[in-house]
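Structural features, examined
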Amino acid sequence: MTTLLRNATVYMHDSFQKRDLLIDGGKVFVDSISADNISVSTIIDCTDKIIIPGFTDVHVHLREPGFFYKETIATGTKAAAKGGYTCVCPMPNLKPAPSTLEKLNEQLDIIKRDAVVKTIPYGTITMNQDGRSRLADMEAMAPYVCGFSDDGKGVQTGELMEEAMLKAKSLNKLIVAHCEDESLLFKGYIHDGEYARVHGHRGICSESEWKQVERDIALAEKTGCGYHVCHISTKETVNLIRKAKAEGIDVTCETGPHYLVLTDMDLQEDGRFKMNPPLRSKADMEALIEGICDGTIDMIATDHAPHSAEEKSRGLEKSAFGIVGLETSFPILYTHLVKKGIISLEKLIEIMSVNPRRRFGFEGGVIADGQPADLAVIDLDREWIIDPDDFVSMGKATPFAGWKVNGKVLMTFVDGEKVYEETDTEIR
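Residues numbered from 1 in each chain as written. Predicted model: local features only at pLDDT ≥ 70, side-chain atom pairs only at ≥ 80, totals over all residues. Heavy atoms only, no water.

Examining the environment of Asp-20
Put simply, the rule is: Helix and strand definitions here come from DSSP, where helices need a minimum of 4 consecutive H or I residues and strands a minimum of 2 consecutive E residues; each element is numbered from the N-terminal end. Between buried and exposed lies partly exposed: a residue is buried under 20% and exposed over 50% of the maximum accessible area for its type, with that area taken using a 1.4 Å probe on protein chains only. It only takes one pair of heavy atoms within 4.5 Å for two residues to be counted as in contact.
Mapped onto the fold, Asp-20 is located in strand S2 (residues 15-24). Using a relative accessible area of 18% as the deciding quantity, one classes Asp-20 as buried. In this structure, the C-alpha to C-alpha distance between Asp-20 and Ala-8, residues 12 residues apart in sequence, is 6.3 Å. Not counting chain neighbours up to four residues away, the residues in contact with Asp-20 comprise Leu-5, Arg-6, Asn-7, Phe-29, Val-30 and Asp-31.

Below you can see the structure in the form of C-alpha cells.
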C-alpha cells in the first residue's frame, strides 16, 4: 500500500519544511514522487498539520507478563500509538523479571504477538531485579534488549554496579539506572519539602537520588561504560550530570513531563499525584527546565506506570507509585513549554524523537529518503481537555486530568502501517 501525505510541514534536518511524503514499502520518501506519476493507494491532505519522526520513550511499564490487570503490551502500545510514539522500551519489573533469556522470551513472545509499535525491552541488572543479588545473565539477553536496568530499585552497592558496568561495556550495552539509595528513604512517599511538612507526610530526600548518581558517574568514568540516568528530579542531579558531560564522561539522562510542569506544592491528597521520584520543589523544577534548555537533559521519558484504580485510590501514603503518561506527554509539553516560549518546537521534537533513538542506537528518528516510515501527524492548533476516561491505557491515574491543552496526534505510522487514527479528525 502506497500513501501520499501532501502539503505537510515536516520536521527534517533540524527544522520544519513544507514537503510531500510518500510512504512505500514501509519506507518514507521526500518530494521524490507525486500522485501524478505513480499509482497511490491513499492521498492524505496534511495542510496546516505537522509530520514528525514518531516519538520514542525509553522508559515505560507495560506490566506483561505478570501484571496484566494493570496494563498489557497490547493496551500499552496502543496508548503509545495514540500519543504519537512509534517505539517504546518497557522496564523489567515483571513476573517473571527478565533476568535470563528464558524469562525474557516470555515477554518477547507477547511483544511479537500483540505490540502495535516497536517495542524493545530491558533486561535486568540483577538476577532478582532487586539491586542486590548477583548479576543477571546479561550476555545471553544482550542481542534482544535495549539495555540493562533494575528500574524500581537502585543498585545498592558500588561494587555490584561496577561489576554490572564492566559487563555491560563488554556487551556494548547501556546501564540504565533508577538511582535510589534505600538507606535514605525512611519510608517516605512524597518529596521531603514544604508540602510534606505542612501536611504531615513522610518525605523522600533529594540525596536519595543524587548520591547514587554521583557514585555511578565516578564508576562510569572508571569503567568507560555508557550510563543513562532514569527520571531525574533534583537540581543536584542536574548539576552532577552537567559537570560529568563537561568532563567527557559517557552519561545521558531523562526526565518526565510531570517534573517540568508540577512541583510538590501542586500535590493533592490523591494517588494520581504519587510517583517515584516524587514531584519536587520549584527550585528543582527550574533546574530541570534549565537542563532541558542547555542540553544537560537529553530526552523526555514518560515513566508510564499504570496501576489498577484500587491501587491508586489509597491517598498519597498508601497508593502505589506511578502515573500514566503516553497519551498526554506531547500536549502537556507543547502547551506548557513550547507555547510559553521556554523551548522551541524543534527542541521538543529533538528530545522526544531524535535523541532517544540516537543514544540507544535505534534506527529512524529522522525523516529522509529510505528511512523507516515511523511518523506522527499532529494538529498543533487542536485544543482539548485531558479526560482519563478517554485513555486507551488501562491505567487512568494522571495529575493532568481536566487540563486544557493544545496539540493532538491525528495519525501514527509504524513502518508505513497506520497504527492509530484519531476518530474525530479533520484530515481527509
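Moving on from the model shown.
Here we look at the pattern of salt bridges
Between side chains of opposite charge, a pair can form as their charged atoms come close. Applied cut-off: Counted as salt bridges are all cases of a side-chain nitrogen of Lys or Arg within 4 Å of a carboxyl oxygen of Asp or Glu.
Counted under the stated rule, the structure contains 27 salt bridges. Note that Glu-363 and Lys-118 form a salt bridge whose closest N and O atoms lie 3.9 Å from each other. Of this pair, Glu-363 sits in the loop between helix H12 (345-360) and strand S16 (371-372) while Lys-118 sits in strand S8 (residues 118-119), and the two are 245 residues apart along the sequence. Three or more residues joined by partner-sharing salt bridges are found here, namely Lys-118, Arg-357, Glu-363, Asp-374 and Asp-415.

Here's the deal with the sheet that holds S8
The line we're drawing: Between any two strands, pairing holds if DSSP finds at least two bridges.
Spatially, S6-S7-S8 is the arrangement adopted by the three strands of the open sheet, whose pairing is parallel. If you trace the sheet from one side to the other, it starts and ends with strand S6 (55-60) and S8, each paired once. As judged from the four bridges shared by S6 and strand S7 (residues 85-90), these two strands associate in the parallel manner. Residue pairing in the sheet places Asp-57 in a bridge with Val-88 of S7.

Here we look at the packing of helix H7 (residues 235-246) against helix H9 (residues 282-294)
Between two packed helices, both the angle of their axes relative to each other and the distance between the axes serve to describe the pair. Quick note on the threshold: A fitted line through C-alpha atoms represents every axis, and for helices the fit uses only the stretch in contact; the resulting angles, taken between N-to-C directions, go from 0 to 180 degrees. Each angle gets one of four labels, with under 35 degrees taken as roughly parallel, over 145 as roughly antiparallel, 65 to 115 as roughly perpendicular, and the rest as oblique. We call Asp, Glu, Lys and Arg charged. Ala, Val, Leu, Ile, Met, Phe, Trp, Tyr, Cys and Pro are nonpolar, and the rest, Gly among them, are polar.
Their axes nearest at 8 Å, the elements H7 and H9 cross at an angle of 25°. Taken together, H7 and H9 sit at an angle that is classed as roughly parallel. Each of Lys-235, Glu-236, Val-238 and Arg-242 in H7 lies in contact with H9, whose residues at this interface are Ala-283, Asp-284, Ala-287, Leu-288, Glu-290, Gly-291 and Asp-294. The class makeup of the residues in the contact of H7 with H9 is four nonpolar, one polar and six charged.

Observations concerning the nonpolar core
Put simply, the rule is: What makes a nonpolar core is a set of buried Ala, Val, Leu, Ile, Met, Phe, Trp, Tyr and Cys residues whose side-chain atoms join them at distances within 4.5 Å.
Ranked by size, the top nonpolar core spans 95 residues in total, and within it Ile-175, Tyr-227 and Phe-330 carry the most contacts. Residues Leu-5, Val-30, Ile-44 and Ile-51 belong to the second largest nonpolar core, which totals 17 residues.

Things to note about the packing of helix H11 (residues 329-338) against H12
Our working rule: In this scheme the handedness of a crossing depends on how the near helix is turned from the far one: anticlockwise by less than a right angle means left-handed, clockwise means right-handed.
Interaxial distance between H11 and H12 falls to 10 Å at its minimum, and their mutual angle equals 145°. Where H11 crosses over H12, the handedness of that crossing is right-handed. For the pair formed by H11 and H12, the contact residues are Ser-329, Phe-330, Leu-333, Tyr-334 and Val-338 on the first element and Leu-345, Leu-348, Ile-349 and Met-352 on the second.

Some words on the side chain of Glu-180
Under the convention used in this document: In this tally, Asp and Glu contribute negative charge and Lys and Arg positive charge; neither His nor the terminal groups of the chain are included.
Inspection of the secondary structure puts Glu-180 in the loop between strand S10 (174-177) and strand S11 (190-191). Buried charge without a partner: Glu-180 forms no salt bridge, and the closest opposite charge is Lys-153, 6.8 Å away. Leaving out residues up to four positions away in the same chain, Glu-180 has contacts with Gly-152, Gly-154, Gln-156, Leu-185, Ser-208, Gln-212 and Asn-276.

As for the environment of Ile-125
Positionally, Ile-125 belongs in the loop between S8 and helix H3 (138-141). When the C-alpha positions of Ile-125 and Ala-136 are compared, they lie 5.6 Å apart, and in sequence the two are 11 residues distant. Among residues more than four places away in sequence, those in contact with Ile-125 are Arg-134, Leu-135, Ala-136, Met-138, Phe-148, Ser-149, Asp-150, Val-155, Ala-164 and Ile-175.

Re helix H2 (residues 101-114)
For the record, the criterion: Take the residue count of a helix, subtract one, and multiply by 1.5 Å to get its expected span.
Taking 1.5 Å of rise per residue, 14 residues should cover 20 Å, and H2 covers 20 Å from first to last C-alpha, within 8% of that figure. Summarising the contacts, the buried residues of H2 are in contact with helix H1 (73-82), S7, S8 and H3.

Things to note about the pairing of S10
Across a regular strand the side chains alternate sides, sitting on one face of the sheet and then on the other. What counts, and what does not: A clockwise course of the path from the first strand over the helix to the second, judged with the strands pointing away from the viewer, identifies a crossover as right-handed.
With burial as the criterion, each face of S10 is covered, one bearing Leu-174 and Val-176 and the other bearing Ile-175 and Ala-177. Examined bridge by bridge, strand S9 (residues 147-148) and S10 share two bridges and lie parallel to one another. What sits directly across from Phe-148, in S10, is Ile-175. As for the winding sense of the linkage, the β-α-β connection from S9 through helix H4 (residues 158-170) to S10 is right-handed. With three bridges joining them, S10 and strand S13 (residues 227-229) adopt parallel strand pairing. The partner of Val-176 across the bridge, within S13, is His-228.

Re the sheet that holds strand S14 (residues 251-255)
Taken in spatial order, the five strands make up an open sheet running S9-S10-S13-S14-S15, and their pairing is parallel. Because the sheet does not close on itself, it has two edges, and the strands there are S9 and strand S15 (299-300). Bridge count between S13 and S14: three bridges; the pairing is parallel. Bridging from a neighbouring strand, His-228 pairs with Thr-252 of S14. Contacts from H4 reach S10 and S13, with the element oriented near 145° to S10.

What about the environment of Trp-384?
What counts, and what does not: The definition of a polar contact used here is a pair of N or O atoms within 3.5 Å, where within protein one atom must be able to donate a hydrogen and the other to accept one, and adjacent residues in sequence count solely through side-chain atom pairs.
With respect to the helices and strands, the residue Trp-384 is situated in strand S17 (residues 375-385). In sequence terms Trp-384 and Ser-15 are 369 residues apart; their C-alpha atoms lie 26 Å from each other. Here Trp-384 is in contact with Glu-327, Pro-331, Trp-403, Lys-404, Val-405, Asn-406, Gly-407 and Lys-408, once residues within four sequence places are set aside. Within the structure, the side chain of Trp-384 is placed 3.0 Å from the backbone oxygen of Gly-407, a separation counted as a polar contact.

Remarks on the packing of aromatic side chains
In this description, an aromatic ring pair is defined by two values, namely the gap between the centres and the angle between the planes. Stated precisely, the cut-off is as follows: Think of it this way: a Phe, Tyr or Trp ring, Trp meaning its six-membered ring, pairs with another when their centres are within 6.5 Å, and the plane angle makes it stacked under 30 degrees, edge-to-face over 60, tilted otherwise. Each ring is checked for a lysine NZ or an arginine CZ that lies within 6 Å of its centre and within 35 degrees of its normal; such an atom marks a charge sitting over the ring.
Overall, the coordinates contain seven aromatic pairs when judged by the stated rule. Ring centres of Phe-55 and Phe-330 lie 5.4 Å apart, and the angle between their planes is 25°; this geometry places the pair in the stacked category. Taken together, the positions of Phe-55 in strand S6 and Phe-330 in helix H11 put the pair 275 residues apart, joining distant regions of the chain. Look at Phe-55 and you get buried, because its relative accessible area is 0%. For Phe-330, a relative accessible area of 1% gives the class buried. Taken together, a centroid distance of 4.8 Å and an interplanar angle of 70° make the contact between Phe-400 and Trp-403 edge-to-face. A relative accessible area of 2% means that Phe-400 is categorised as buried. In textbook terms, an aromatic cluster arises when at least three aromatic residues are bridged by ring pairs, as seen for Phe-55, Tyr-85, Phe-330 and Tyr-334. Cation over ring: Lys-274 sits above Phe-321, and NZ or CZ is 4.5 Å from the ring centre.

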